[in-house]
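Notes for the structure review
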Amino acid sequence: VQLQASGGGLVQAGGSLRLSCVASGRTFSNYAMGWFRQAPGKEREFVAAISGSGGSTRLADSVKGRFTISRDNATNTVYLQMNSLKSEDTAVYYCAARVGLPFDRAQYYDYWGQGTLVTVSS
């Protein structure tokens, strides 16, 4: 599975961005998808995950009520809608894929995209 993330950029605090991740190579609906992020000097952390069907989602406590994960299996795309952005959301965001359940641990994901930078100015 090849993953291509996009949609990052510079946004003011309180603003919104939508990240996209397009997958190619295999049957997309077989894969749970996750979003992770890594800020400078920090470890990669879980942001959100969604099951292959889209019927089950998980969100990190730090983004609940602000971020939404969704997917369109017809276009092999997973989205991360980010609202009410804060300076602490600044990071490189990665999408990832795995067969099975949408876990919140990076080590369970087998395929990774290249990352897209989100910068939130205060």
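See the structure shown above.
Residues numbered from 1 in each chain as written. Predicted model: local features only at pLDDT ≥ 70, side-chain atom pairs only at ≥ 80, totals over all residues. Heavy atoms only, no water.

1. Here's the deal with the state of the cysteines
Applicable threshold: Any two cysteine sulfur atoms within 2.5 Å of one another count as a disulfide. Secondary structure follows DSSP: runs of H or I at least 4 residues long count as helices, runs of E at least 2 residues long count as strands, and numbering of each begins at the N terminus. Think of it in three bands: residues with accessible area under 20% of the maximum for their type are buried, residues over 50% are exposed, and the middle band is partly exposed, with areas taken using a 1.4 Å probe on protein chains only.
Considering all chains together, one arrives at one disulfide under this definition. In this model Cys21 forms its disulfide with Cys95; the gap between the sulfur atoms is 2.1 Å. One quick way to see it: the torsion about the S-S bond of Cys21 and Cys95 is about 60°, and its sign makes the bridge right-handed. Of this pair, Cys21 sits in strand 3 (residues 17-24) while Cys95 sits in strand 9 (residues 91-99), and the two are 74 residues apart along the sequence. Given a relative accessible area of 0%, Cys21 falls into the buried group. Here Cys95 falls in the buried class, since its relative accessible area comes to 0%.

2. Describing empty space enclosed by the protein
Our working rule: Lining residues are those with an atom within 4 Å of a point, where the points come from a 1 Å grid over the protein atoms alone and group into cavities, where a 1.4 Å probe fits but cannot get out, or pockets, open sets with protein on both sides within 12 Å along at least five of seven lines. Grid points are joined across faces, edges and corners, and a volume is the space filled by probe spheres set on the points. Lys, Arg, Asp and Glu make up the charged group, whereas Ala, Val, Leu, Ile, Met, Phe, Trp, Tyr, Cys and Pro make up the nonpolar group; the residues left over, Gly among them, are polar.
Scanning the model with the defined rule gives one cavity of 30 Å³ or more in all. Considered as a void within the structure, the largest cavity measures approximately 30 Å³ in volume. Every residue lining the largest cavity is listed: Val1, Ala23, Ser24, Arg26, Thr27, Phe28 and Tyr31. Broken down by class, the residue content of the lining of the largest cavity amounts to four nonpolar, two polar and one charged.

3. Re the pairing of strand 9
Keep this limit in mind: Strand pairing is assigned whenever DSSP detects at least two bridges linking the two strands.
Of all the nine residues making up strand 9, seven are buried; the element is thus mostly covered by neighbouring parts of the structure. The pairing of strand 4 (residues 31-38) with strand 9 spans eight bridges and is antiparallel. In the sheet register, Gln38 faces strand 9, and the bridge partner there is Val92. Pairing geometry for strand 9 and strand 10 (residues 111-112), over two bridges, is antiparallel. Bridging from a neighbouring strand, Ala97 pairs with Tyr111 of strand 10.

4. Overview of the packing of aromatic side chains
To be explicit about the condition: Stacked, tilted and edge-to-face are the three classes applied to pairs of Phe, Tyr and Trp rings, where Trp contributes its six-membered ring and a pair requires centres within 6.5 Å; stacked means planes under 30 degrees apart, edge-to-face means over 60, and tilted covers the rest.
Per the stated rule, a full pass over the model turns up seven aromatic pairs. Seen from their ring centres, Phe36 and Trp112 are 5.2 Å apart, and the 50° between their planes marks the pair as tilted. Of the two residues, Phe36 sits in strand 4 while Trp112 sits in strand 10, which places them 76 residues apart along the sequence. Since its relative accessible area comes to 1%, Phe36 is described here as buried. Here the aromatic rings of Phe103 and Tyr108 are separated by 5.0 Å at their centres, their planes lie at 50°, and the arrangement is tilted.

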